[in-house]
Amino acid sequence: MKARRNKKQIPSFRKLIKTSKVKLENKLKNKQFKQQSTLKKYRKEQRKLRQAVKDAVSKKPIPLENPKEKRPGKRIEREEEEEEEALPLDMMDEDDLQLMKDLGQRVSFLTRDLSSSEPVHAKKRKHERIIDKYEKIPRTLQTAPEKELIHLLPIKDKSGIIPQTREKPVTDSNKDEEDQEEERELEEDWKQRKLKKSNVVSLKAYKGLAEVAVKSLCELLVALPHFNFHNNIIVLIVPLMNDMSKLISEMCCEAVKKLFKQDKLGQASLGVIKVISGFVKGRNYEVRPEMLKTFLCLRIKEVEVKKDTEDINKPKKFMTFKEKRKSLSRMQRKWKKAEEKLERELREAEASESTEKKLKLHTETLNIVFVTYFRILKKAQRSPLLPAVLEGLAKFAHLINVEFFDDLLVVLHTLIESGDLSYQESLHCVQTAFHILSGQGDVLNIDPLKFYTHLYKTLFKLHAGATNEGVEIVLQCLDVMLTKRRKQVSQQRALAFIKRLCTLALHVLPNSSIGILATTRILMHTFPKTDLLLDSESQGSGVFLPELDEPEYCNAQNTALWELHALRRHYHPIVQRFAAHLIAGAPSEGSGALKPELSRRSATELFEAYSMAEMTFNPPVESSNPKIKGKFLQGDSFLNEDLNQLIKRYSSEVATESPLDFTKYLKTSLH
């Protein structure tokens, strides 16, 4: 019985569950308390630091005392001692008084420093010694003027280093003053040149040192975002993003892009965005566009947020029932089950806390980004920053608040109609407008017919020259405008765009033709009734009007895609394959179907894959050699036999010169 009383009672399973909840609450409280205490400590340290700085600033420097000057206190003490030591005259002997009178009559007694222990005539003796020394030095008569020597580089041999000198040429005293002035002037373009060279060398050295310092700062910014002085590094690097030196500017911009890409939580990104926004506003929007293009690297997407939380909190593998049964007893299994449940609850609480924190940071970051964009749209519409702003709005448009949609669409349309934008900038406006309407804008009942019309009428501005790079933006716009908004697009509009795209594919580079034909294939799958363009017979009334800028009223149903037959004989093999595929009706199976490597890629991916940036064809184009090698027909073989004989007869005759008389023809014409 005694042994049983000493043993502890084993808690029941229900009690364990109750204690798990209490433990969970206690752990959460402890966590909150730790966070508060760390914050308090940090604030206390900051206060101390500020107070120390204030104290250091307020203190005035105390000048150091001159050691040669004697302090007044000591002087007073010495005077008092001298007064005590001095005896009154009535207590002195007659001999002493006589001695004092004799000394007073001498001038040296008045001028002499009584505190020094030197005798009266010590200075005179010193002066005499200097004169004696000078007299002992042997004298030399200067019969000829001393020659000036120029020291040259020494020579080294077996015996050692031999110094080398050369006599400086003696100038004639009879030289003219003009020659002397010229020499002086020459000595001065040389001194100045020497100074300039030294300045250039020092400037180059300083520039190299500055580049190394900036590079090290950029590496610190990217590698150590948790560094105590990380904010100080941000304040240093952001102005250098707008530096006159292209190398330094690119270095800093690339560092900021890397930071944005690898920042999972968003704390460091928020700090950089705040400084950039303030800097752009302070400079009155006169900064490099590359500064705002760094915003495109921000990781603010909901898909990435979910992915990041999985990366941060990797799921822990718990023991299976079989493993528990093999290695644990019954009571241990119960304990293990309660622990696992508690761990799951703790993990859920931590995950929800981290996601909430991340969403707050991302929301604040986006607010600052949109404020910067809207300021530029409002105040600096002709700024070179506008393309970067429109590109950024196109990327983050689905995250803009619905309340701003109407105003933003009006601003974008006025920008397009103003005519101040380049073609690429107007395409960015169209892309931004449709990104807005494809996200939360689906709720709004808005028909962006003006944007459809603008893109339709400006498609022919693209060609195989400078505007070929704009095809990529056009492909993205078409995907958002037609494919993703298929329910809001009429059949007439789809037919008109397909016809114009096939015409455009004739006069662009091969990679652009491939991207355009890939978009046409997607549109034919999205709108099945558009296959009537493959039929040569007209459908309905009216005539096709290719010059009309309105896609709804150009009667595209009364035309055919004859351009595909021309593209079937294109020099690029991939263009040939796409054209033949579309002529066959764009089948997904059979002999006319495309290979998976072409059918599974998007239009923009194909545009980049077959790019001609390296000035080569991908795949290489075969040279066109005729299969049957026959004799080429000469010019005579095309003519009739009688005509050939007549030509030979006249060409064989000798030309005789006869006087030309036009008067008879003139008379007949007058009659």
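Above: the structure in question.
My aim in this report is to walk through the structure given alongside it, one point at a time. Starting afresh in each chain, residues are numbered from 1 along the sequence in its written order. Only residues with pLDDT of 70 or above have their local features reported here, since the model is predicted, and side-chain atom pairs are shown and tallied only from 80 upward, although totals for entire chains, interfaces and linings are computed over all residues. Excluded from the side-chain calculation are hydrogens and water; included are all heavy atoms of the structure.

1. Concerning a positive patch on the surface
Residues enter a patch when their relative accessible area is above 30% and they make no salt bridge; the linking distance is 9 Å between like charges and 5 Å between nonpolar side chains (Val, Leu, Ile, Met, Phe, Trp, Tyr). For accessible areas, the Shrake-Rupley method is used with a probe of radius 1.4 Å. Any residue's cover is judged against the shown protein chains and nothing else. Any Lys or Arg side-chain nitrogen found within 4 Å of a carboxyl oxygen on Asp or Glu counts as a salt bridge. Charge assignment in this entry is limited to Lys and Arg as positive and Asp and Glu as negative, and neither His nor the chain termini are counted. A single reference atom marks each charge: NZ on Lys, CZ on Arg, CG on Asp, CD on Glu. The grouping of Lys 40, Arg 43, Lys 44, Arg 47, Lys 48, Arg 50 and Lys 54 at the surface amounts to a positive patch. Secondary structure elements are defined from DSSP: runs of H or I of at least 4 residues count as helices, runs of E of at least 2 residues count as strands, and each element is numbered from the N terminus. Checked against the element boundaries, Arg 43 lands in helix H2 (residues 13–58).

2. Comments concerning the packing of helix H17 (residues 405–418) against helix H19 (residues 449–457)
Packed helices, taken two at a time, are described by the angle between their axes plus the distance between the axes. Throughout, an axis means a line fitted to C-alpha atoms (over the contacting stretch in the case of helices), and angles, computed between N-to-C directions, take values from 0 to 180 degrees. At a minimum axis separation of 11 Å, H17 and H19 run at an interaxial angle of 30°. The angle between H17 and H19 falls in the class roughly parallel. Considering the relative orientation of H17 and H19, their crossing is left-handed. Contacts between H17 and H19 pair Leu 409, His 413 and Ile 416 from the former with Lys 450, Phe 451 and His 454 from the latter. An angle below 35 degrees is treated as roughly parallel, one above 145 as roughly antiparallel, one from 65 to 115 as roughly perpendicular, and anything else as oblique. Each crossing gets its hand from how the near helix is turned against the far one by less than a right angle, where anticlockwise is left-handed and clockwise is right-handed. Contacts were defined at the residue level, with two residues in contact if any of their heavy atoms lie within 4.5 Å.

3. Focus on the pairing of strand S2 (residues 161–167)
Here, a strand pair is defined by DSSP locating no fewer than two bridges between the strands. As judged from the six bridges shared by strand S1 (residues 149–156) and S2, these two strands associate in the antiparallel manner. Across the sheet, the residue bridging to Lys 156 is Ile 161, located in S2. Counted between consecutive antiparallel strands, the loop separating S1 from S2 contains four residues, among which Gly 160 sits at a positive phi close to 145°.

4. Overview of unusual backbone geometry
Working note: non-glycine residues mostly have negative phi, and peptide bonds are mostly trans. For Asn 284, which is not glycine, the phi dihedral falls at a positive 60°. If you trace the backbone, Asn 284 turns up in the loop between helix H11 (267–282) and helix H12 (289–293). Think of it in three bands: residues with accessible area under 20% of the maximum for their type are buried, residues over 50% are exposed, and the middle band is partly exposed, with areas taken using a 1.4 Å probe on protein chains only. Taking relative accessible area as the criterion, Asn 284 reaches 53% and is therefore assigned exposed. Residue Tyr 285 is not a glycine yet carries a positive backbone phi of 65°. Turning to its location among the elements, Tyr 285 is positioned in the loop between H11 and H12.

5. A short note on the environment of Tyr 610
On the secondary structure map, Tyr 610 appears in the loop between helix H26 (603–609) and helix H27 (641–652). When the C-alpha atoms of Tyr 610 and Ile 514 are compared, they prove to be 8.1 Å apart, with 96 residues separating the residues in sequence. Among all residues touching Tyr 610, those that are not within four sequence positions of it are Asn 511, Ile 514, His 572, Ile 574, Leu 598, Asn 618 and Pro 619.

6. Quick word on the side chain of His 230
Assignment of secondary structure puts His 230 in helix H9 (residues 230–240). The class of His 230 is buried, set by a relative accessible area of 4%. Excluding its chain neighbours within four sequence positions, the residues that come into contact with His 230 are Leu 220, Leu 221, Leu 224, Pro 225, Leu 259 and Ala 268.

7. Concerning the packing of aromatic side chains
Only Phe, Tyr and Trp rings take part, Trp by its six-membered ring, and two of them pair if their centres are within 6.5 Å. Stacked means planes under 30 degrees apart, edge-to-face means over 60, and tilted covers everything else. Within the structure shown, the criterion is met by seven aromatic pairs. Between the aromatic rings of Phe 434 and Phe 451, the centroid separation amounts to 6.2 Å while the plane-to-plane angle is 75°, which identifies the pairing as edge-to-face. Of the two residues, Phe 434 sits in helix H18 (residues 423–438) while Phe 451 sits in helix H19, which places them 17 residues apart along the sequence. Take Phe 434: its relative accessible area is 1%, and that puts it in the buried class. In textbook terms, an aromatic cluster arises when at least three aromatic residues are bridged by ring pairs, as seen for Phe 434, Phe 451, Tyr 452, Tyr 456 and Phe 497. Remark: a charge is flagged as sitting over a ring if the NZ atom of Lys or the CZ atom of Arg is within 6 Å of the ring centre and within 35 degrees of the ring normal. Just above the ring of Tyr 452 sits the side chain of Arg 493; from NZ or CZ to the centre is 4.3 Å. Cation over ring: Arg 500 sits above Tyr 456, and NZ or CZ is 3.9 Å from the ring centre.

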